[in-house]
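In case you want the letters, here they are:
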Amino acid sequence: MLEKALKGEPRYWAWVVFLLVVIGAGFGAYLVQYTEGLTITGMSRDVTWGFYIAQFTFLVGVAASAVMLVLPYYLHHYKAFGRITILGEFLAISAVTMCLLFIIVDLGRPMRLMNVLLHPTPNSILFWDMVVLNGYLFINLFVGWAALGAERKELPPPKWTKPLIYLSIPWAVSIHTVTAFLYAGLPGRGFWLTAIMAPRFLASAFAAGPAVLIMLALLVKKLTKFDAGKEAIESLAKIITYAIILHLFFFFLEVFTVAYSAIPGHLSHLQYLYFGLHGHPSNVMPLMWLALCCGFTSIALLIVPKWRQNHKILLPAVILVFICTWIDKGIGMISGGFVPNPLHEITEYAPTGLELMITFGVYAVGALVLTILYKTAITVKQYKELT
Amino acid sequence: MMGVNRRDFLRIAGLTAAIGMGGKTAFDLLWPGQLDAAEGGVEGWWKSKTPENPLFPGDMAPGNEVPNPAELTAKRWGMALDMRKFTAATRAAVVKACNQVHNVPAIPGNQNIKWIWETSFEHAFPDLAQEYMDNEVHDLPFLVLCNHCDNPPCVRVCPTKATFRRADGIVMMDMHRCIGCRFCMAACPFGSRSFNFADPRKFFPDGKEPNPTYPTRTKGVVEKCTFCTERLAKGELPACVEVSGGAMLFGDMADSGSPVRQALRTRYAIRRKNELGTAPQVYYLI
Ligand code: SF4
Ligand code: SF4
């Protein structure tokens with residue numbers, strides 16, 4: 001089937017070449033990091049995780065959100081998702097690929113990665129994260145590929161995929177829960193030490209993932225005339241509306257507990273993010289407020305059924321959802337967690353140019369994987385419809 | 001009995017180097033020798049004994065070490081800092097001794113490496129600081145270092161057992177196993193750990209490590225205070241304790257006659273972030 005990705009218009013190839021160039025630049029930047037060490041990043045002794053781990057966290061959510069399609073489609077036989085589910089599954093594959101790459105580029109000694117498997121350590125959440133992420137990647141590869149292959153031959157998906165599909169539902173929840181546990185189980189990091197972490201992660205993921213999917217579906221429709229279906233988009237928009245409201249609600253719960261109890265070890269992080277600490281304004285302050293504004297505006301746009309059914313409003317609304325959730329996990333999570341440090345000192349973090357290049361490189365790999373998978377899927381589906 | 005002496009160190013080093021590499025790779029060809037300083041002459045890792053007991057991750061398996069009759073041993077090592085005895089000169093001497101003995105480089109900026117360093121009371125004990133404190137205590141600089149916690153979160157989170165707790169309570173690092181994920185740094189609530197963002201050897205004055213008998217680290221691994229396991233193995237007290245002029249006490253917490261336990265019986269002592277339950281084994285006598 002993959003040969004379908006080898007035939008395309010010049011526009012398709014131009015896009016692929018563009019991605020390859022970005023990947024090349026990112027790889028070049030990574031070679032510098034590999035020789036010089038992580039010193040080329042903006043991370044420090046106090047802020048020891050940065051952009052890479054933040055992107056990783058965000059993308060785990062995007063990957064997990066495929067469950068929002070798989071569950072209605074396979075479990076409730078919701079037919080409207082028939083055309084878009086494969087797009088969701090393939091988005092998950094691309095997202096998990098990026099997650100794994102972000103972990104690798106973050107390691108100080110990437111050549112020793114296999115130590116995690118050679119010395120399996122069940123008491124480490126990172127070990128479990130590796131297990132569930134790789135498992136999820138394979139489940140989606142098998143299920144997505146088998147479904148598409150069957151569709152080409154105009155057969156129902158093979159029987160053996162059924163249990164895998166059912167397994168993928170709790171599995172999707174597990175990848176983001178385990179990722180939240182990476183943070184939520186650490187003593188002395190007040191910002192992360194909260195049981196709402198996993199639910200909040202899931203809520204924001206179920207908003208962010210479908211938001212990305214709507215953007216992609218609208219783009220695909222424009223470029224290829226492959227229409228995911230009006231009803232599918234509308235249902236997704238409904239899911240996003242619930243999820244973004246839940247996300248902000250959970251955020252409010254966190255703010256209440258922290259602010260009303262006013263325990264400094266927890267409060268100082270939120271203070272730093274939104275107001276600055278000890279007269280020291282934080283460099284992420286404007287972004288944090290922007291995220292909140294985007295979140296609330298998107299709710300206003302999405303909550304009225306008439307508006308969200310209009311693609312001219314839906315598209316900006318989902319972009320706002322994306323910005324809100326991306327800043328929340330991609331920026332606030334890390335800065336908020338590490339500043340102030342355990343000694344209550346402030347060391348700020350900002351990514352460097354090379355760090356951003358590597359980040360874009362990884363995103364380009366994800367985009368390439370996604371392009372190839374989507375090209376294959378859409379060619380198969382359109383061919384089927386033409387005959 | 002537990003000391004990782006140099007021979008052991010090299011053996012474990014070679015062992016983990018072999019595991020970590022898994023064959024020649026493109027990177028290896030591009031950067032010969034970049035992988036590990038201690039490659040070569042490696043016995044098959046599958047044949048050699050694992051360095052730790054699988055039942056108690058992190059504990060060295062008995063019979064793996066070369067016994068040294070002079071070695072200092074304990075059930076659980078602990079330390080006490082007598083804040084009344086510290087002077088500026090003592091503090092400086094202590095920090096300097098540690099840095100020299102362990103080849104801790106002086107890296108400018110915030111990607112630095114610290115094993116033991118000076119900080120204020122508010123930073124060392126953010127939860128105990130209050131407005132109307134005893135001036136003397138408030139203005140006193142405190143030395144902080146890894147607490148060798150009895151319930152160490154850094155060990156709990158490490159995905160490779162590169163950070164492990166020895167049977168004598170010392171929380172140790174295997175620099176040749178660490179993958180540099182820095183999970184342990186997020187987990188340590190005391191900021192005791194440092195990451196080698198760059199090759200530390202670049203920062204030694206005239207490019208030579210101060211102490212050639214102690215291994216230097218590579219870039220990409222985490223490090224911290226080890227309670228001087230290499231000195232205990234030779235029958236010597238930790239370097240800081242030795243130069244502290246009696247301001248730092250070191251001993252077996254399980255032995256009621258040990259200097260630390262004796263001091264704790266009569267003096268009021270505090271520990272950093274007691275409420276987190278990591279059970280620090282570094283006590284501050286006020
Ligand atoms: S002080 Fe930090 S590094 Fe040292 S044992 Fe405790 S948690 Fe681990
Ligand atoms: S950085 Fe090294 S020691 Fe720390 S958790 Fe990761 S592998 Fe373990």
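Please refer to the structure higher up on the page.
Figured I'd write up the structure that's included with this text. This one's a predicted model, so the numbers in the text were calculated from it and none came from an experiment.

### Quick word on the overall build of chain A
Then, in step 1: Scanning chain A for helices and strands turns up 14 helices and zero strands.
Then, in step 2: Its helices and strands taken in sequence order, chain A reads α-α-α-α-α-α-α-α-α-α-α-α-α-α from the N to the C terminus.
Then, in step 3: The C-alpha atoms of chain A give a radius of gyration of 21 Å, which matches the 21 Å a tight globule of 387 residues would have.
Then, in step 4: The C-alpha extent of chain A, read off along each of the three principal axes, is 70 × 50 × 40 Å.
Then, in step 5: When each of the 387 residues of chain A is scored for burial, the buried share is 57%.
Then, in step 6: Contacts in chain A between residues far apart in sequence, at least 24 positions, make up 79% of those at least 6 positions apart.
Then, in step 7: Accessible area for chain A stands at about 15500 Å²; split by element, carbon and sulfur atoms hold 75% of it.

### Section: the site of ligand 1
Then, in step 1: In the vicinity of ligand 1, 14 residues are found, and the nearest of them are Cys146(B), Asn147(B), Cys149(B), Cys154(B) and Cys188(B).
Then, in step 2: Looking at the shell around ligand 1, its residues break down into nine nonpolar, three polar and two charged.

### As for the sheet that holds strand 10 (residues 282-285) of chain B
Residue and element names in this part refer to chain B.
Then, in step 1: Here we have four strands laid out as an open sheet, ordered 8-1-10-9, and mixed in their pairing. Edge positions in the sheet fall to strand 8 (248-252) and strand 9 (269-270), since each of these pairs with one other strand and no more.
Then, in step 2: Note that strand 9 and strand 10 share two bridges and pair antiparallel. Within strand 10, the residue paired with Ala-269 across the bridge is Leu-285.

### Regarding helix 1 (residues 10-36) of chain A
Residues and elements named next belong to chain A.
Then, in step 1: Here helix 1 is 27 residues long and its end C-alpha atoms lie 39 Å apart, about the 39 Å a rise of 1.5 Å per residue gives.
Then, in step 2: Listed in full, the buried residues belonging to helix 1 are Tyr-12, Val-16, Leu-19, Ile-23, Gly-26, Ala-29, Tyr-30, Gln-33 and Tyr-34.
Then, in step 3: Once helix 1 ends, the next one or two residues include Gly-37, with phi positive near 100 degrees.

### Brief notes about the nonpolar core
Residue and element names in this part refer to chain A.
Then, in step 1: With 151 residues, the main nonpolar core has Trp-49, Phe-56, Ile-84, Tyr-183, Trp-192, Ile-214 and Tyr-374 as its most contacted residues.
Then, in step 2: Take this core: its biggest share by element is 16 residues, from helix 8 (residues 197-224).
Then, in step 3: Discounting chain neighbours no more than four positions away, the residues touching Tyr-183 are Trp-49, Ile-53, Thr-57, Trp-192, Met-197, Phe-201, Met-333 and Ile-334.

### So, the environment of Ala211(A)
Residues and elements named next belong to chain A.
Then, in step 1: Relative to the helices and strands, Ala-211 resides in helix 8.
Then, in step 2: Classification of Ala-211 by relative accessible area gives buried; the value is 0%.
Then, in step 3: Separated by 140 residues in sequence, Ala-211 and Pro-351 have C-alpha atoms that sit 26 Å apart.
Then, in step 4: In this structure Ala-211 touches Ile-240, Val-318 and Val-321, once residues within four positions along its chain are discounted.

### Points about the site of ligand 2
Then, in step 1: Taken together, 13 residues lie near ligand 2, and Cys158(B), Thr163(B), Cys178(B), Cys181(B) and Cys184(B) sit nearest.
Then, in step 2: Looking at the shell around ligand 2, its residues break down into nine nonpolar, three polar and one charged.

### Observations regarding the state of the cysteines
A covalent bond bridging the sulfur atoms of two cysteines is what the word disulfide describes.
Then, in step 1: All chains considered together, the criterion is met by zero disulfides over all chains.
Then, in step 2: No disulfide involves Cys225(B); its sulfur sits 5.5 Å from the nearest other cysteine sulfur, which is in Cys146(B).

### Observations regarding the packing of aromatic side chains
Then, in step 1: Inspection of every chain in the model, using the stated rule, returns 30 aromatic pairs over all chains.
Then, in step 2: Between the aromatic rings of Phe58(A) and Phe322(A), the centroid separation amounts to 5.6 Å while the plane-to-plane angle is 90 degrees, which identifies the pairing as edge-to-face. Of this pair, Phe58(A) sits in helix 2 (residues 51-64) while Phe322(A) is found in helix 13 (residues 311-338), placing the two residues 264 residues apart along the sequence.
Then, in step 3: With a centroid separation of 5.3 Å and an interplanar angle of 80 degrees, the aromatic rings of Tyr274(A) and Trp289(A) are classed as edge-to-face. Residue Tyr274(A) is found in helix 10 (residues 264-275), and its partner Trp289(A) is found in helix 11 (residues 285-303); the two are separated by 15 residues along the sequence.
Then, in step 4: Looking at Tyr274(A), the relative accessible area reads 9%, which means it is buried.
Then, in step 5: Through a chain of ring-to-ring contacts, the aromatic side chains of Trp49(A), Tyr183(A), Trp192(A), Phe201(A), Phe338(A) and Phe183(B) assemble into a single cluster.
Then, in step 6: Against the face of Tyr12(A) rests Lys375(A), its NZ or CZ located 5.1 Å from the ring centre.
Then, in step 7: Over the ring of Phe195(B) we find Arg182(B), and its NZ or CZ is 5.0 Å from the ring centre.

Conventions used here
Residues numbered from 1 in each chain as written. Chains lettered and ligands numbered in written order. Predicted model: local features only at pLDDT ≥ 70, side-chain atom pairs only at ≥ 80, totals over all residues. Heavy atoms only, no water. Helix = DSSP H or I, 4+ residues; strand = E, 2+ residues; numbered from the N terminus. Rg over C-alpha atoms; globule rule 2.2 N^0.38 Å. Buried < 20%, exposed > 50% of the residue type's maximum accessible area, 1.4 Å probe, protein only. Contact = heavy atoms within 4.5 Å. Areas by Shrake-Rupley, 256 points an atom, 1.4 Å probe, with all protein chains shown as cover. Near = heavy atom within 4 Å. Nonpolar A, V, L, I, M, F, W, Y, C, P; charged D, E, K, R; others polar. Pairing = 2+ DSSP bridges. Expected span 1.5 Å × (residues − 1). Core = buried A, V, L, I, M, F, W, Y, C linked by side-chain atoms within 4.5 Å. Disulfide = S-S within 2.5 Å. Phe/Tyr/Trp six-rings, centres within 6.5 Å; stacked < 30°, edge-to-face > 60°. Lys NZ or Arg CZ within 6 Å of the ring centre and 35° of its normal.

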